[in-house]
Amino acid sequence: MSKDRFILLSPGEVRPSRIPIPPAFAIKARTEDTEGRFSLLEVTLARDIPRHVHHEADECIFVLDGLLEVEFDDRTETVPKGGFVLLPHGVPHALRKGSTPPPRMVQISSPGGWECYVEDLIEAGPAATTSGRFDPEKLNRIAAKYHITYEEPA
């Protein structure tokens with residue numbers, strides 16, 4: 001019953017996660033909370049996200065603070081505080097910090113599942129990076145399960 005899925009979070013409160021996750025990823029609505037329709041996280045972009053494609057999920061981002069640089073298809077846009085971007089599935093994109101401190105944003109993925117990918121990524125830890133940066137080849141091993149493909153350098 002839908003009324004059984006009512007969730008009210010106080011400021012700073014988050015939904016439980018499968019593993020401990022850093023405060024940069026605050027889960028507000030898990031996929032199972034929305035019967036798979038979407039997931040919602042409050043994210044601080046601590047690391048640039050390399051160019052990738054979501055093959056199934058649309059991604060929506062609303063910038064709460066700072067500047068977010070979005071490489072979308074063949075152009076780069078700067079999204080300021082209060083700005084919004086819809087990244088439809090199937091279109092290559094990358095996300096980069098455009099400010100210090102890094103941007104803080106609300107990220108919605110539809111259908112859901114993004115929080116599960118984040119949990120898997122955090123669980124992988126250094127196995128997903130090279131020299132402290134996300135490594136597309138290593139990310140693809142984790143991302144494939146979520147229908148995401150990172151572009152590997154030529």
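Residues numbered from 1 in each chain as written. Predicted model: local features only at pLDDT ≥ 70, side-chain atom pairs only at ≥ 80, totals over all residues. Heavy atoms only, no water.

Draft legend 1. Expanded view of the overall build of the protein. A tally of regular secondary structure across the protein gives two helices and 12 strands. Of the regular secondary structure in the protein, the N- to C-terminal order runs β-β-β-β-β-β-β-β-β-α-β-β-α-β. Relative to the compact-globule value of 15 Å for 154 residues, the protein shows a C-alpha radius of gyration of 15 Å, a close match. The dimensions of the protein, computed from C-alpha atoms along their principal axes, are 50 × 35 × 25 Å. Looking at the protein as a whole, 41% of its 154 residues qualify as buried. Here the contacts in the protein between residues at least 6 apart in sequence split such that 63% fall between residues at least 24 apart. Summed over all atoms, the accessible surface of the protein reaches about 8,500 Å², with 57% contributed by carbon and sulfur. Across the protein, the centroid of the 18 positively charged side chains sits 4 Å from that of the 24 negatively charged ones. (Helix = DSSP H or I, 4+ residues; strand = E, 2+ residues; numbered from the N terminus. Rg over C-alpha atoms; globule rule 2.2 N^0.38 Å. Buried < 20%, exposed > 50% of the residue type's maximum accessible area, 1.4 Å probe, protein only. Contact = heavy atoms within 4.5 Å. Areas by Shrake-Rupley, 256 points an atom, 1.4 Å probe, with all protein chains shown as cover. Lys, Arg positive; Asp, Glu negative; His and termini not counted. Charge placed at Lys NZ, Arg CZ, Asp CG, Glu CD.)

Draft legend 2. Structural detail: the pattern of salt bridges. The tally for this structure, following the rule as stated, stands at 18 salt bridges. Here Glu42 ties to Arg104 by a salt bridge, and the two come within 2.6 Å at their closest N and O atoms. Highlighted residues: Glu42 in strand S2 (residues 39–44) and Arg104 in strand S9 (residues 104–110), separated in sequence by 62 residues. Lys81 is the salt-bridge partner of Asp65, the closest N and O atoms lying 3.9 Å from each other. Linking Asp65 in strand S4 (residues 58–65) with Lys81 in the loop between strand S6 (75–79) and strand S7 (84–87), this pair joins segments that are 16 residues apart in sequence. Judged by relative accessible area, which is 28%, Asp65 ranks as partly exposed. A single network of salt bridges, built from pairs that share partners, joins Arg18, Arg30, Glu32, Glu119, Asp120, Glu123 and Lys145. (Salt bridge = Lys/Arg side-chain N within 4 Å of Asp/Glu carboxyl O.)

Draft legend 3. Geometry of the packing of aromatic side chains. For the coordinates displayed, the defined rule picks out two aromatic pairs. Geometrically, the ring pair formed by Trp114 and Tyr117 is tilted, given 5.2 Å between the ring centres and 55 degrees between the ring planes. Taken together, the residues Trp114 and Tyr117, both in helix H1 (residues 114–124) and three residues apart, mark about one turn of the helix. Across the pair, exposure class does not vary: Trp114 and Tyr117 are buried alike. Seen from their ring centres, Tyr117 and Tyr146 are 5.5 Å apart, and the 55 degrees between their planes marks the pair as tilted. Of the two residues, Tyr117 sits in helix H1 while Tyr146 sits in the loop between helix H2 (136–143) and strand S12 (148–150), which places them 29 residues apart along the sequence. Members of the aromatic cluster, each reached through a chain of ring pairs, are Trp114, Tyr117 and Tyr146. The cationic tip of Arg47 hangs over the ring face of Phe134; the distance from NZ or CZ to the ring centre is 5.2 Å. (Phe/Tyr/Trp six-rings, centres within 6.5 Å; stacked < 30°, edge-to-face > 60°. Lys NZ or Arg CZ within 6 Å of the ring centre and 35° of its normal.)

Draft legend 4. Representation of the sheet that holds S12. A sheet is described by the order of its strands in space; here five strands give the open sequence S6-S5-S8-S3-S12, paired in antiparallel fashion. Edge strands, defined here as strands with exactly one partner in the open sheet, are S6 and S12. Averaged over all pairs of adjacent strands, the angle between their axes in this sheet comes to 30 degrees, without regard to strand direction. Packing of H2 onto the sheet brings it into contact with strand S3 (49–54) and S12, and relative to S12 it is tilted by some 170 degrees. (Pairing = 2+ DSSP bridges. Axes fitted to C-alpha atoms, helices over the stretch in contact; angles between N-to-C directions.)

Draft legend 5. Quick look at H2. If you check which residues of H2 are buried, you get Pro136, Leu139, Asn140, Ile142 and Ala143. For H2, the angular spread of the buried residues around the axis is 165 degrees, confining them to a single face. On the buried face of H2, the contacting elements are S3, H1, strand S11 (133–134) and S12. Residue Asp135 occupies the N-cap position of H2, its side-chain oxygen lying 2.9 Å from the main-chain nitrogen of Glu137. (Arc of directions from axis to C-beta. Polar contact = N/O pair within 3.5 Å; in protein donor to acceptor, adjacent residues only side chain to side chain.)

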